[in-house]
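Here is what each chain is made of, one letter per residue.
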Amino acid sequence: EPEVTQTPSHQVTQMGQEVILRCVPISNHLYFYWYRQILGQKVEFLVSFYNNEISEKSEIFDDQFSVERPDGSNFTLKIRSTKLEDSAMYFCASSSRQGSTEAFFGQGTRLTVV
Amino acid sequence: SQQGEEDPQALSIQEGENATMNCSYKTSINNLQWYRQNSGRGLVHLILIRSNEREKHSGRLRVTLDTSKKSSSLLITASRAADTASYFCATSSQGNNRLAFGKGNQVVVIP
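Model, not experiment: these values are computed from the prediction. (Residues numbered from 1 in each chain as written. Chains lettered and ligands numbered in written order. Predicted model: local features only at pLDDT ≥ 70, side-chain atom pairs only at ≥ 80, totals over all residues. Heavy atoms only, no water.)

(A) Here's a closer look at the interface of chain B and chain A. Contacts between the two partners involve 25 residues from chain B, matched on the other side by 23 residues from chain A. With both chains or domains summed, chain B and chain A bury close to 1,900 Å², and 46% of this area falls on carbon and sulfur atoms. The interface formed by chain B and chain A contains 1 salt bridge. Glu56 of chain A is the salt-bridge partner of Arg98 of chain B, the closest N and O atoms lying 2.8 Å from each other. The interface formed by chain B and chain A includes 7 residue pairs in polar contact (both at pLDDT 80 or more). Taken together, the residues of the side of chain B that touches chain A break down into 6 nonpolar, 14 polar and 5 charged. (Contact = heavy atoms within 4.5 Å. Buried area = accessible area lost by both parts, 1.4 Å probe. Salt bridge = Lys/Arg side-chain N within 4 Å of Asp/Glu carboxyl O. Polar contact = N/O pair within 3.5 Å; in protein donor to acceptor, adjacent residues only side chain to side chain. Nonpolar A, V, L, I, M, F, W, Y, C, P; charged D, E, K, R; others polar.)

(B) View of the sheet that holds strand S8 (residues 75–79) of chain A. Residue and element names in this part refer to chain A. Sheet architecture is open: 4 strands sit in the order S1-S3-S8-S7, paired in antiparallel fashion. Of all the strands in the sheet, just strand S1 (5–7) and strand S7 (65–68) have a single pairing partner and so form its edges. The average undirected angle you get between the axes of adjacent strands in this sheet is 20°. As judged from the 4 bridges shared by S7 and S8, these two strands associate in the antiparallel manner. Within S8, the residue paired with Val67 across the bridge is Leu77. (Pairing = 2+ DSSP bridges. Helix = DSSP H or I, 4+ residues; strand = E, 2+ residues; numbered from the N terminus. Axes fitted to C-alpha atoms, helices over the stretch in contact; angles between N-to-C directions.)

Rendered as structure tokens:
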């Protein structure tokens, strides 16, 4: 069964460092997403990506965040200068159509900023 | 903005019993989805119900949607120990890319 894969599963980084979280969405999907879940809190939408550009972003997704699909298969989330409050589980998701069908999520990357 | 919110209850039930959890939201939706999350793991899609549907079944899962009350329920029948997880509802609205998740219900099924 096709699945969304994320690497690494766990990343520890120093405050102020840049991190790149990687995702391989399901191959025939066209819409890609990043969500995050701070420990004990809700899953929060960060950004959606379609046709090689951001289609929607939340207020969380500020200038410190960027997304890229560098090679047609990988989908990355970059945090330029990490803060302690960026510590969370980051989930990548993909779907075949916008909004009207289910989104498939990866296993997540647990980011710990120290 | 729309928001899925589950009743903030933790359920602890015996294997074989049914588990019911609820979700309410605030604005018009295109569909509502339920996800399961095992501890520290990813989100697994369980079932999607569209705004023009009132009830849907998938295996041991039964979902209802009441758009007049802006609420949904998820019923797991004949629960198993493997059903132990957190369950989230998430809503999607027309023309909107994002899913709005609720806080999640923790379900523990005791063998």
